[in-house]
Amino acid sequence: MCGKLGVFFASMPEPIVGGMYLVMFGIISAVGISNLQFVDLTSSRNVFVIGISLYMGLVVPTWTAKTLADPATKDSLNTGSEELDQLVVVIMTSGMIIGGALACFLDNTIPGTDEERGMTSYKKATEDCSDIELIKKIYHVPGTEWLCAKFPILRKLPFVQD
């Protein structure tokens, strides 16, 4: 079954795959940006965090690709371990990792109020959805009752509902 599915995806023309990637990453980007609806975008702190994170997420992978493509500077990312070199290259060429990690770091180190960070409006928005039975029906994971009965320690996980 997996072989046939692999053949199906491998036989797709590149423009179709490109279109699928365009739609997929467009949706991922839109969901990421929609998370900013609770944040105070008039705050210079938040504009700085978002701006620097987006900029570094776009620039660092480009710089890394140019550095690795130039024979004169190719060895500048040489750590001495081939595995570590590969890990550094993967991290440095992924804009989402660079931007997300930097945004997380800056958001948690630059002081800001809960209102600036969007925590108060997020809490208010989530309190409005207080229909516990509806939430359990929507986010129900099949088999969790059986697993929690066998392994009670699983109830401590945040995504397991009682």
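Refer to the structure above for everything that follows.
Fair warning: this is a prediction, and the values are worked out from it, not measured in the lab. (Residues numbered from 1 in each chain as written. Predicted model: local features only at pLDDT ≥ 70, side-chain atom pairs only at ≥ 80, totals over all residues. Heavy atoms only, no water.)

Participant: Provide a residue-level description of a nonpolar patch on the surface, including the pertinent values.
Facilitator: Taken together, Leu 5, Phe 8, Phe 9, Ile 16 and Met 20 make up a surface patch of nonpolar side chains, about 490 Å² in accessible area. Where the nonpolar patch is concerned, the elements lending two or more residues are α1 (2-10) and α2 (14-34). By residue number, the principal contributor to the nonpolar patch is α1, which donates 3 residues. Position of Phe 8 among the secondary structure elements: in helix α1. (Patch = residues over 30% accessible without salt bridge, like charges linked within 9 Å, V, L, I, M, F, W, Y side chains within 5 Å. Areas by Shrake-Rupley, 256 points an atom, 1.4 Å probe, with all protein chains shown as cover. Salt bridge = Lys/Arg side-chain N within 4 Å of Asp/Glu carboxyl O. Helix = DSSP H or I, 4+ residues; strand = E, 2+ residues; numbered from the N terminus.)

Participant: Tell me about helix α5 (residues 95-109), and name the residues and values.
Facilitator: For α5, with 15 residues, the first-to-last C-alpha span of 21 Å sits near the 21 Å given by 1.5 Å per residue. Each element contacted by the buried residues of α5 is listed here: α3 (44-69) and α4 (82-92). (Expected span 1.5 Å × (residues − 1). Contact = heavy atoms within 4.5 Å.)

Participant: Outline the packing of α3 against α5, supporting the account with residue identities and numerical values.
Facilitator: Running from amino to carboxyl end, α3 crosses α5 at an angle of 155 degrees, the nearest separation of the two axes being 8 Å. Taken together, the axis directions place α3 and α5 in an arrangement best described as roughly antiparallel. Crossing of α3 against α5: the hand is right-handed. Residues Arg 45, Phe 48, Val 49, Ile 52, Ser 53, Met 56, Gly 57, Val 60 and Pro 61 of α3 form the contact with α5, whose participating residues are Gly 95, Ile 98, Gly 99, Leu 102, Ala 103, Leu 106 and Asp 107. Looking at the contact of α3 with α5 residue by residue, the classes come out as 10 nonpolar, 4 polar and 2 charged. (Axes fitted to C-alpha atoms, helices over the stretch in contact; angles between N-to-C directions. Parallel < 35°, antiparallel > 145°, perpendicular 65-115°, else oblique. Left-handed = near helix turned anticlockwise from the far one by under 90°. Nonpolar A, V, L, I, M, F, W, Y, C, P; charged D, E, K, R; others polar.)

Participant: An account of the packing of aromatic side chains is requested, with residue identities and associated values reported.
Facilitator: Counted by the stated rule, this structure contains 2 aromatic pairs. Ring centres of Phe 8 and Phe 9 lie 5.4 Å apart, and the angle between their planes is 65 degrees; this geometry places the pair in the edge-to-face category. Phe 8 sits in the partly exposed class, given a relative accessible area of 47%. (Phe/Tyr/Trp six-rings, centres within 6.5 Å; stacked < 30°, edge-to-face > 60°. Buried < 20%, exposed > 50% of the residue type's maximum accessible area, 1.4 Å probe, protein only.)

Nothing here speaks to function; it is geometry throughout.
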